[in-house]
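Fold and contact review
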Amino acid sequence: MKQFNQGVAIHGLFGGPANAFDYAKSRTKSLLTTNTLFPDIYPPRWKWKNTDLMVRYWYLKTGAFLKSFDFLTVIQWDILVLGDLSSSLPSHNENDLLLSGIASLEELPSGWAWTNQGNNKKEWECFKEYARLVHGLNDGFTFCQGPLYSLPRTFLERYSFSAITELCHDEIRLPFYARAWGFSCKDTGLCKDWRSAETERYFNARTNKPIQATDIILQLNNPSGRRIFHPFREKWQYASSNSACRTSSTNRRPWILLATWNYAIIISLRLREIAEIIRIYYNKHNRETARNLQIPARASTALDWRMLADKCITDRRYPSAFKSHINALLAKIDEVVDINEYQVEYSHVKLELVQSLLISRKRFDNTKKELVQVFCNTLRRLNLHVFSAVSDDLSRFSDIVVCMSCEKYLSYAKNFVRSLDPVSDRLGRLIIVGDKTLRPYCYRYDSDSRVLFVPNSDTYERLTEKTFLAYLFLYGLELNASILKVDDDTTCVNPAKLTNKVFPLTKCSNYVGRVWHPGISGLSRWWHCGRYTASSSNFLPYSRYADVSYAEGQAYAISSRALRILAISYLLYPDQIKSELSYEDVAVGKCLARCGISPLHYPLINPGLLESQFRSD
């Protein structure tokens with residue numbers, strides 16, 4: 001492939017066992033510019049079945065930081081390329097996906113495994129239900145063959161930052177999401193008919209029968225013959241004197257190839273906007289300053305982004321304290337040596353910088369909205385597998401129950417979740433636990449017990465911050481769902497009433513629960529006494545303003561609009577929220593009151609709905 005695509009940088013994605021990665025790097029060192037290791041946490045069949053999700057991981061880990069991004073072409077490891085790729089694939093625009101062997105359901109061979117056999121058939125039925133409920137698509141499904149496809153950058157960006165289901169196979173998912181998001185699909189021409197024996201002599205993904213070398217040589221000697229073959233798993237030792245199989249040096253597009261050791265070759269990358277934060281701020285609010293500083297709209301590397309940030313802090317319109325803070329954040333980049341650590345560190349620096357810019361804005365205007373979106377995109381990229389796993393568990397639900405717990409009382413939270421089993425098909429369920437060992441904004445998820453670990457201490461005095469970090473994560477999922485928050489000392493005696501009464505009320509009223517009015521009945525300012533780990537704090541009353549009505553913290557429900565307000569409030573006023581300590585319900589009431597949302601009095605802790613359970617320990 002390198003011989004026929006001279007001057008093309010090749011990057012690798014290794015999907016094999018982690019203990020074989022060093023060997024793979026040594027064998028391909030002269031061929032690959034970089035080689036990225038896909039985490040060895042999934043079985044081989046998962047990797048084979050979910051090549052598109054591996055490609056998404058590569059883009060977030062490595063590809064987004066490379067230059068020159070136009071299209072991303074995925075080629076399986078057992079494809080033989082003996083020609084110029086730019087002339088072997090059809091032309092396409094920025095709204096086209098190039099897929100191999102596009103076919104409708106009626107055109108598929110009878111007994112196709114992914115829709116007709118065993119568990120695959122059950123997954124296909126679930127996928128159709130997912131398509132109907134989430135994207136409103138009931139029919140018209142198309143399919144493709146996975147060994148080769150090309151994705152435009154706009155599609156890849158959306159695919160990388162969206163919640164993608166793991167149901168079925170990439171041969172089903174890619175054309176489906178293209179249709180759901182308004183992209184068009186174009187055939188590569190490599191597999192014109194799935195049933196044709198003539199086509200399968202040169203390209204097939206169904207019978208897995210290797211291509212014969214004699215058939216390949218006949219095609220190479222034909223000036224208009226094929227140059228791409230699949231599958232071929234031997235070392236190619238033949239040559240052809242025909243100039244048609246040599247690289248053409250004219251009319252070449254700039255390409256960057258990513259040759260994958262096990263699964264994919266990714267081709268042709270275009271410029272990525274790494275300077276988006278500074279660009280958003282200057283383009284809308286400091287246009288003249290931007291012209292004076294000659295700040296470009298794009299930056300090709302993280303170092304260019306660093307230079308833009310340096311120019312940003314030289315702007316006289318910023319207060320000196322703010323500039324010092326940005327300088328401290330940027331200094332973290334200099335401490336990083338390893339490229340993998342750098343990309344993680346870059347995400348943390350970017351999150352902190354975006355939050356600083358958000359806090360510095362006087363009004364919540366369009367710039368802040370864009371910055372919030374940048375923050376959420378970066379958060380999803382930093383926690384790619386966590387967001388993907390949680391989204392797979394919750395994306396089909398419009399109503400979600402969140403149980404706030406800790407390691408000590410996790411068994412009580414699991415008991416509460418089990419009490420919701422009668423309506424498990426209608427309610428999403430999630431348990432929140434703190435983990436102080438996690439880095440800031442890094443989450444962890446146990447899919448078996450549906451426990452989301454947030455980067456915060458599990459102590460009672462950090463309850464408010466832990467709760468708001470959970471809301472920030474849920475907002476980043478973009479599920480548009482209502483949330484019922486309960487404590488782990490609760491059990492549900494009437495699950496059906498939650499779905500029939502509580503959640504419909506929440507969608508109408510935004511904020512539902514047993515309402516307390518501190519201005520009328522006062523506030524129990526010693527509620528935390530004896531519960532904090534710091535003994536000195538146990539003898540100090542809650543001494544902050546509590547002048548708004550709020551819903552009791554043991555159980556309250558919020559709409560998707562209220563969830564958005566709470567998540568953004570944490571970004572804008574983190575110190576205020578942290579200072580509320582364990583008075584999380586008061587903090588929620590304050591944040592929602594600022595946006596004109598008052599709680600609807602509907603006690604959720606009552607004998608016919610939710611009840612408190614006694615803790616023996």
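Rules used throughout
Residues numbered from 1 in each chain as written. Predicted model: local features only at pLDDT ≥ 70, side-chain atom pairs only at ≥ 80, totals over all residues. Heavy atoms only, no water. Phe/Tyr/Trp six-rings, centres within 6.5 Å; stacked < 30°, edge-to-face > 60°. Helix = DSSP H or I, 4+ residues; strand = E, 2+ residues; numbered from the N terminus. Buried < 20%, exposed > 50% of the residue type's maximum accessible area, 1.4 Å probe, protein only. Lys NZ or Arg CZ within 6 Å of the ring centre and 35° of its normal. Polar contact = N/O pair within 3.5 Å; in protein donor to acceptor, adjacent residues only side chain to side chain. Contact = heavy atoms within 4.5 Å. Salt bridge = Lys/Arg side-chain N within 4 Å of Asp/Glu carboxyl O. Core = buried A, V, L, I, M, F, W, Y, C linked by side-chain atoms within 4.5 Å. Axes fitted to C-alpha atoms, helices over the stretch in contact; angles between N-to-C directions. Parallel < 35°, antiparallel > 145°, perpendicular 65-115°, else oblique. Nonpolar A, V, L, I, M, F, W, Y, C, P; charged D, E, K, R; others polar. Pairing = 2+ DSSP bridges.

1. So, the packing of aromatic side chains
Summed over the entire model, instances satisfying the criterion amount to 26 aromatic pairs. Judged by centre distance (5.3 Å) and plane angle (75 degrees), the ring pair of Trp-124 and Phe-141 falls under edge-to-face. Of this pair, Trp-124 sits in helix H6 (residues 118–135) while Phe-141 sits in the loop between H6 and strand S6 (142–152), and the two are 17 residues apart along the sequence. Accessibility assignment for this pair places Trp-124 and Phe-141 in one class, buried. Relative to Tyr-130, the ring of Phe-127 lies with its centre 6.0 Å away and its plane at 45 degrees, an arrangement referred to as tilted. A residue pair is termed a helical-turn pair when its members lie 3 or 4 positions apart in one helix, as Phe-127 and Tyr-130 do in helix H6 at 3 residues. What makes Phe-127 buried here is its relative accessible area of 0%. The rings of Trp-112, Trp-124, Phe-127, Tyr-130, Phe-141, Phe-143, Phe-155, Tyr-159, Phe-176, Tyr-177, Trp-181 and Phe-183 are connected pair by pair, giving a single aromatic cluster. Its guanidinium or amino end placed over the ring of Phe-453, Arg-444 lies 3.9 Å from that ring's centre, counting from NZ or CZ.

2. Comments concerning the environment of Ala-481
With respect to the element layout, Ala-481 can be found in the loop between helix H19 (463–476) and strand S15 (482–487). Along the primary structure Ala-481 and Ile-558 are separated by 77 residues, whereas in three dimensions their C-alpha atoms are 9.2 Å apart.

3. Things to note about the side chain of Asp-52
Counting through the fold element by element, Asp-52 comes out in helix H3 (residues 51–61). Of note is the side chain of Asp-52, whose polar atom sits 2.5 Å from the side chain of Tyr-159. If we ignore the near neighbours within four places in the chain, the residues touching Asp-52 are Tyr-149, Tyr-159, Asp-170, Arg-173 and Leu-174.

4. A short note on the environment of Asp-70
Along the chain, Asp-70 falls in the loop between H3 and strand S3 (71–75). On the basis of relative accessibility, which here comes to 29%, the residue Asp-70 falls in the partly exposed class.

5. Side note on the pattern of salt bridges
All told, the structure shown has 19 salt bridges when counted by the stated rule. Notably, a salt bridge pairs Glu-129 with Arg-132, separated by 2.5 Å at the nearest N-O pair. With Glu-129 and Arg-132 both in helix H6, this residue pair falls 3 residues apart, about one helical turn. In this structure, Glu-584 engages Lys-485 in a salt bridge whose closest nitrogen and oxygen atoms are separated by 3.2 Å. One end of the pair, Glu-584, is in helix H24 (residues 584–594); the other, Lys-485, is in strand S15, and 99 residues separate them in sequence.

6. With respect to the nonpolar core
Among the nonpolar cores identified, the biggest contains 65 residues, and Tyr-443, Leu-452, Leu-472, Leu-474, Tyr-511, Ile-558 and Leu-592 are the most heavily contacted of them. Beyond its immediate sequence surroundings of up to four residues, Leu-474 is in contact with Leu-394, Val-402, Leu-430, Ile-483 and Leu-563.

7. Re the packing of helix H17 (residues 384–394) against H19
Two quantities define a packed helix pair, namely the angle between the helix axes and the distance between the axes. Viewed as axis vectors pointing N to C, H17 and H19 meet at an angle of 75 degrees, and their least axial separation amounts to 10 Å. Viewed along their axes, H17 and H19 adopt a mutual orientation that is roughly perpendicular. Residue-level inspection shows Val-386, Phe-387, Val-390 and Leu-394 of H17 in contact with H19, the latter providing Phe-473, Leu-474 and Gly-476. In terms of residue class, the contact of H17 with H19 is made up of 6 nonpolar, 1 polar and no charged.

8. Let's talk about helix H8 (residues 170–180)
Counted residue by residue, H8 has 9 buried out of 11 residues, so it is predominantly covered. Among all positions in H8, only Asp-170, Glu-171, Ile-172, Arg-173, Leu-174, Pro-175, Phe-176, Tyr-177 and Ala-178 are buried. A positive backbone phi angle near 85 degrees is found at Gly-182, which sits one or two residues after H8.

9. Remarks on the sheet that holds S6
With mixed pairing, the 4 strands of this open sheet are ordered in space as S3-S6-S5-S7. Looking at the sheet topology across the chains shown, the edges are occupied by S3 and strand S7 (184–187). Taken over all neighbouring pairs, the strand axes of this sheet differ in orientation by 40 degrees on average, direction set aside. The pairing of strand S5 (residues 96–104) with S7 spans 4 bridges and is classified as parallel.

Function cannot be inferred from these measures alone, as they are strictly geometric.
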